[in-house]
Amino acid sequence: MAAFPSRFAALAAVAAVTPAVAGCGYNTIPTKQERAEAAWADVQNQYQRRAELVPNLVATVQAAAIQERATLTQVIEARARATSVNIEADNLSDPAAFQTYQQAQGEFSGALSRLLVTVEAYPQLQANQNFLVLQSQLEGNENRIAIARRDYNEAVRDYNTELRTFPSVIWAKTLHGGSKPMQLFAATAEAQSAPDVNFNLGLEPPAQPGGAAPAVTPGSAPPAAAPAAAPAT
């Protein structure tokens, strides 16, 4: 019978300590960590959605037979690199892993932006309904990526601040000693300037007397002008 009061006293002590522990911030660190990791999952979802849209865009542009093959190749290669680099929630505190992921996604963004700017010179694409739908979806997806990254940065700042402020810093150095600051998204160097696009497009010459102007394929050099006729004598 003596064990019963002892067990009851232990349970009472736990019941008394639990609110105190919760009130002093012990649960705050894992709660904010979960929030940051959930925000990171949303970032990954938006990047994945973009990667899934691009193959259809590439196929549509290829079907239009535009001449900027190098630009298309850059998009395809950048997409392959971006989808091959993954970072798990456990690695969000690893600067090198995070930098590799961000760089791969940034290169993909730059290549895709250059392609979309380039194809504006092709009327046949601007009249292609499939292309217009894909272009609209990608533009909307870029906005969602920006929002997801913003929400992630806000959640990470909140979590990182919690690790450094009292009283949570006590838990961060003891029972939550494995909790490390997470990395933030930062603007890449490419994002500071507009895409550099060089149009290698021939200009359509004026109509020649007696007939229509020769057709010029985008990306090809304009035909040589016909020699001037000798004046009548």
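Structure: see above.
Residues numbered from 1 in each chain as written. Predicted model: local features only at pLDDT ≥ 70, side-chain atom pairs only at ≥ 80, totals over all residues. Heavy atoms only, no water.

**Quick look at helix α4 (residues 95–118)**
Every α-helical turn comprises 3.6 residues, leaving residues that sit three or four positions apart pointing alike. The condition is simple: Starting at the N terminus, helices and strands are each numbered in turn, a helix being any DSSP run of H or I of at least four residues and a strand any DSSP run of E of at least two. In a helix, the anticipated span is given by 1.5 Å times the number of residues less one. Polar contacts, as used here, are pairs of N or O atoms within 3.5 Å; protein pairs need one atom able to donate a hydrogen and one able to accept it. Residues neighboring in sequence count only if both atoms are side-chain atoms.
Helix length check: α4, at 24 residues, gives a terminal C-alpha distance of 34 Å against a target of 34 Å (1.5 Å per residue), a fit within 8%. Capping of α4 at its N-terminal end is provided by D94; its side-chain oxygen lies 3.1 Å from the backbone amide nitrogen of A96.

**Examining helix α2 (residues 28–63)**
With 36 residues, α2 extends 54 Å from end C-alpha to end C-alpha; this agrees with the ideal 52 Å at 1.5 Å per step. Positive backbone phi, at 55°, marks A65, one or two positions downstream of α2.

**What to know about the packing of α2 against helix α6 (residues 129–164)**
What counts here: Every axis corresponds to a line fitted to the C-alpha atoms, with the helix fit spanning only the stretch in contact, and the corresponding angles, defined between N-to-C directions, vary from 0 to 180 degrees. The cut-offs work like this: below 35 degrees is roughly parallel, past 145 is roughly antiparallel, 65 to 115 is roughly perpendicular, and the gaps in between are oblique. For any pair of crossing helices, the crossing counts as left-handed if the nearer helix is rotated counterclockwise from the farther one by less than a right angle, and right-handed if it is rotated clockwise. Basically, the charged four are Asp, Glu, Lys and Arg, the nonpolar ten are Ala, Val, Leu, Ile, Met, Phe, Trp, Tyr, Cys and Pro, and anything else, Gly included, counts as polar.
Where α2 meets α6, the closest approach of the two axes is 8 Å, and the angle between their N-to-C directions is 160°. In terms of orientation, α2 and α6 fall into the roughly antiparallel class. You can see that α2 and α6 cross each other, and the crossing is left-handed. In terms of residue class, the contact of α2 with α6 is built from 20 nonpolar, seven polar and 11 charged.

**Looking at the pattern of salt bridges**
We count it as follows: Salt-bridge detection follows one rule: a side-chain nitrogen of Lys or Arg within 4 Å of a carboxyl oxygen of Asp or Glu. Remark: exposure states derive from per-residue accessible area (1.4 Å probe, protein chains only) relative to the maximum for the residue type, with buried under 20%, exposed over 50%, and partly exposed in between.
Under the counting rule described, the total for this entry stands at six salt bridges. A salt bridge links R35 to D158, with the shortest nitrogen-to-oxygen separation between them at 3.5 Å. Here R35, found in helix α2, pairs with D158, found in helix α6; they are 123 residues apart in sequence, far enough to count as distant. Among the ionic pairs, D151 bridges to R150, the shortest N-O distance being 3.1 Å. When its relative accessible area of 31% is taken as the criterion, D151 is described as partly exposed. Each of the salt bridges in this network shares a partner with another, and the network as a whole consists of K32, R35, D158 and E162.

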